[in-house]
Amino acid sequence: MSLAITGYTATSGLGCGVECIQGSILGNRSGLRKNDFPGCDLETWIGRVGVLETTLLPRHLEHLDSRNNRLTWLGLQQDGFLASVFELIDRIGVDRIGVVMATSTSSIGRTEEAYMHLDDSGLFPAKYCQPEVHNLHSPGIFVAEATGLTGPSLTISTACSSSAKVFATASRWINHGFVDAVLLGGIDSLCLSILYGFNSLELLSSGPCRPFDMRRDGISIGEAAGFALLVRKDLAPEAEFELLGYGESSDAYHMSHPHPEGKGAILAMEQSLKRAGLPASSIEYINLHGTASRANDLVESYALSRLFPTQTLASSTKGWTGHTLGAAGILETVITLESMKHGLLPGTLNCDHPDPEFKFPILTENTQKPIRTAMMNSFGFGGNNASLIFGRLND
Amino acid sequence: MTLLALVYGVHSFLTGRRFVTESDAPLQPGLIPPRERRRAPQSVKMAVEVLDQACSMAAVSPASAATVFSSAMGDMQITDYLCKVLVAPPRLVSPTRFHNSVHNATTGYWSITRNSHAPTSAISALNYTASMVFLEAAVQAAEEDLPVLMVSQEMAAPAALRTICPSDTPISLALLLSKPGLFSAPLAPFRFGIQRKSTDWPALHPDLDEPFKGNFGSGLLPLLAAIASADSVPSNAPASFEFPLSKSACLTVSLKNRGNIGAQYE
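On a predicted model such as this, the values are computed, not experimentally measured, just so you know. (Residues numbered from 1 in each chain as written. Chains lettered and ligands numbered in written order. Predicted model: local features only at pLDDT ≥ 70, side-chain atom pairs only at ≥ 80, totals over all residues.)

Let us look at the overall build of chain B. Each helix and strand counted, chain B has eight helices and ten strands in total. Buried residues in chain B amount to 55% of all 266 residues. Excluding contacts between residues fewer than 6 apart, the proportion of contacts in chain B whose partners are at least 24 apart in sequence is 76%. (Helix = DSSP H or I, 4+ residues; strand = E, 2+ residues; numbered from the N terminus. Buried ≥ 20, exposed ≤ 12 C-beta atoms within 10 Å, placed from the backbone. Contact = placed C-beta atoms within 7 Å.)

Structure representation (structure tokens):
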């Protein structure tokens, strides 16, 4: 593994770009608000990107219009990210950069809308006849068109672990040698399927989510887009961060409930440590999956206790952003990289009374500490787990 | 260029030259235990069937292989259900259908029923889904030292979605790819690579053209037909395929020494 990260960005309920993340963490300001998503009357809180309704796609991308693609477009504009993609294209060419995107529900919000406007024969009206939008690869298609990249392109959809797994796929592609870099990322946007679906599983909190708190009663759904450039290290001498390891596993337990002893979570973390060649004690900070569901937080804290010394600092940032599903892995990777850059480790917003049942101490308050090595976890439905380890370069 | 080995499982496919529909070859009910079977949608049952076939042919324990599932559109029956229910209040969604709506439902059920903790993934690449899942699985097998199962699936589109995806014949096919040396069972050695070249999907058998027109899951059928014919008609002529990966690139797959499957690796 010799892969560098040469650019990254994220847009979420906290705002557009990484400065909003830092500002919100420093000020303990959550991006969650009382549900005001059009057409949805559920009593819950959401992490909504407020400007999406007025975000317009440029003319040449208008045929790909959907809330999800608007969020993708908005996200790509931030932090000079597109400029770093174009700079890399100038150096290595459009066909040596792969596109690996992630999503849980892609543009299904647009499909829901089309079903509300079916014509008399029960078919999509012309406006909604967008074959490149109503499918799971819509994020990959949009990013390739927006950047002009022509390398291999796919979209991973493994529920809430999707945009952690893009790092594993991108690493294999680069190591195998058919690309030198991968533009990777994850996008999920608010839609009725997700809000009413999680409601049917009784997993939505009625207030802002409280990860690891004893009063936690479920998740808050958020939307986000995040991207990073993963590049062969010899092509990126100035890079600040590197990917040190990844681990992927399955729970083999239940479609929507984590393994009670965290078997899959432990395997994923062990594998990423093994690939990085690091002992657990060298991980200085862990950004947890920490959804604030009763089960996830209990199981994740147990899994941590099996692997890490209790002085390891670990927190969930979903109190700021909500659970952004297929975008959670990349959003929380960006939050983790920013924590390493600024030496400011986020606490766990809304965790006022950590659950005494937990087997591992959770970092509740923001903490100033320079660190060099951090882990990020994402676990999803179907018992799909991924864990990543990042390191700082060039100090 | 890596040389790997490959076996296959098919459903809604040909035996010899006969096109077998689902009613000719019903799914084996015993493959998914009753508790999961009650909840599993047809897409999952079909995929589990071909995954099981591929593992049986290779005498491989399912728990020892990673799995990559693919479908361009996902489970369109569930998408159709969700979108219809959500048109107007009360918008009551079935929790089982909702958790089955994740694109990785197949690999979830597969790992649960086979007690496999191996990595699983689920992808889409729209028009290029069949070639990209082969590439994704082959690269994983080459880089990770473990056998990788891949599924190429597309289900029939419900009425409203036919404008978007004209698929009307469900298909699931599976291949097990691995580095040479991991198996003793007879397998088909192959090479794969990427070329900068624009190409069309290879023609299907004339009997299959009509049913699989517009189906994103059928692209690898010519490759499976070549492997299947190698079982009965020994031939040393290599078979080479070019499958499009994008407008300007293609995946090349060359079967080696087809009459002598499993005997030679480079």
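That covers the picture; the talk isn't over yet.
A few words on the pairing of strand β6 (residues 148-154) of chain B. All names here are of chain B. In terms of burial, β6 is a largely internal element, seven of the seven residues being buried. Side-chain alternation along β6 places Val 148, Met 150, Ser 152 and Glu 154 on one buried face and Leu 149, Val 151 and Gln 153 on a second face that is also buried. Strand direction decides the pairing type here: strand β4 (residues 66-70) and β6, joined by five bridges, are parallel. Residue pairing across strands places Phe 69 opposite Val 151, the latter belonging to β6. Bridge count for β6 against strand β7 (residues 171-178) is seven bridges, and the pairing is antiparallel. Across the sheet, residue Val 151 finds its bridge partner in β7, namely Ala 174. (Pairing = 2+ DSSP bridges.)

Below, the discussion takes up the interface of chain A and chain B. Facing the 56 residues of chain A at the interface are 53 residues of chain B. Taken together, the elements giving at least two residues each to the side of chain A that touches chain B come down to α4 (108-116), α5 (138-147), β6 (153-156), α6 (162-176), α7 (192-200), β10 (241-250) and α8 (263-276) of chain A. Of the residues forming the side of chain A that touches chain B, the biggest block, six residues, is contributed by α6(A). Of the residues that constitute the side of chain A that touches chain B, the class distribution is 24 nonpolar, 25 polar and seven charged. (Nonpolar A, V, L, I, M, F, W, Y, C, P; charged D, E, K, R; others polar.)

Residues and elements named next belong to chain A. Buried residues dominate strand β15 (residues 373-380), accounting for seven of its eight residues. Looking at chain direction, strand β11 (residues 285-287) and β15 are connected through three bridges and run parallel. Its bridge partner being in β15, Tyr 285 is matched across the sheet by Ala 374. If you look at the hairpin formed by β15 and strand β16 (residues 384-392), you'll find three residues sitting between the two strands, and Gly 382 has a positive phi there, around 80°.

A few words on the packing of α4(A) against helix α3 (residues 76-85) of chain B. Remark: α4(A) packs on α3(B), axes separated minimally by 9 Å, with the N-to-C direction vectors making an angle of 60°. Our classification of the angle between α4(A) and α3(B) gives oblique. Both α4(A) and α3(B) take part in a crossing whose hand is right-handed. Where α4(A) abuts α3(B), its residues Ile108(A), Thr111(A), Glu112(A) and Tyr115(A) lie against Thr79(B), Cys83(B) and Lys84(B). Its residues assigned to classes, the contact of α4(A) with α3(B) comprises three nonpolar, two polar and two charged. (Axes fitted to C-alpha atoms, helices over the stretch in contact; angles between N-to-C directions. Parallel < 35°, antiparallel > 145°, perpendicular 65-115°, else oblique. Left-handed = near helix turned anticlockwise from the far one by under 90°.)

The next subject is unusual backbone geometry. Most peptide bonds are trans, and most residues other than glycine sit at a negative phi. Backbone torsion omega between Pro89(B) and Pro90(B) reads 10°, so that peptide bond is classified as cis. Within the secondary structure layout, Pro90(B) lies in the loop between α3 and α4 (95-100). Even without a glycine there, the phi angle at Ala252(A) is positive, about 55°. Mapped onto the elements of the fold, Ala252(A) is located in the loop between β10 and α8. Judged by the 21 C-beta atoms lying within 10 Å of it, Ala252(A) falls in the buried class. Unusually for a residue other than glycine, Ala59(B) sits at a positive phi of about 50°. Here Ala59(B) is to be found in the loop between α2 (42-58) and β4. Of the residues examined, Ala59(B) has 11 C-beta atoms within 10 Å and is grouped as exposed.

Residue and element names in this part refer to chain A. With respect to the helices and strands, Gly 277 occurs in the loop between α8 and β11. Accessibility expressed as a C-beta count within 10 Å gives 10 for Gly 277, which makes it exposed. Between the C-alpha atoms of Gly 277 and Leu 244, which are 33 residues apart in sequence, the distance is 8.5 Å.

The next point concerns the packing of α6(A) against helix α6 (residues 129-144) of chain B. Packing of α6(A) against α6(B) leaves a shortest axis separation of 10 Å and a crossing angle of 75°. Comparing the axis directions of α6(A) and α6(B) gives the class roughly perpendicular. Residue-level contacts link Thr169(A), Arg172(A), Trp173(A), Asn175(A) and His176(A) of α6(A) to Glu136(B), Val139(B), Gln140(B), Ala142(B) and Glu143(B) of α6(B). Here the residues of the contact of α6(A) with α6(B) are counted per class, giving three nonpolar, four polar and three charged.

Judged by nonpolar contacts, the single largest core of 208 residues is most densely connected at Val182(A), Leu230(A) and Met150(B). Among the elements that line this core, the one with the most residues is α6(B), at ten residues. Those residues in contact with Leu230(A) that sit more than four places away from it in its chain are Leu3(A), Ile5(A), Phe167(A), Ala170(A), Ile174(A), Ala181(A), Val182(A), Leu184(A) and Leu243(A). (Core = buried A, V, L, I, M, F, W, Y, C linked by C-beta atoms within 7 Å.)

The next thing to look at is the sheet that holds strand β3 (residues 33-34) of chain A. All names here are of chain A. The strand order across the open sheet formed by three strands is β3-β4-β8, and the pairing between neighbours is mixed. Each edge of the sheet is formed by a strand with only one pairing partner; in this case those strands are β3 and β8 (221-222). With two bridges joining them, β3 and strand β4 (residues 45-47) adopt antiparallel strand pairing. Directly across from Arg 33, in β4, lies its bridge partner Ile 46.

Summarising the element assignment, His137(A) is placed in the loop between α4 and α5. By C-beta crowding, His137(A) is classed as buried, having 30 other C-beta atoms within 10 Å. When neighbours within four sequence positions are excluded, His137(A) is seen to be in contact with Leu154(A), Thr155(A), Ala72(B), Ser124(B), Ala125(B) and Leu126(B).

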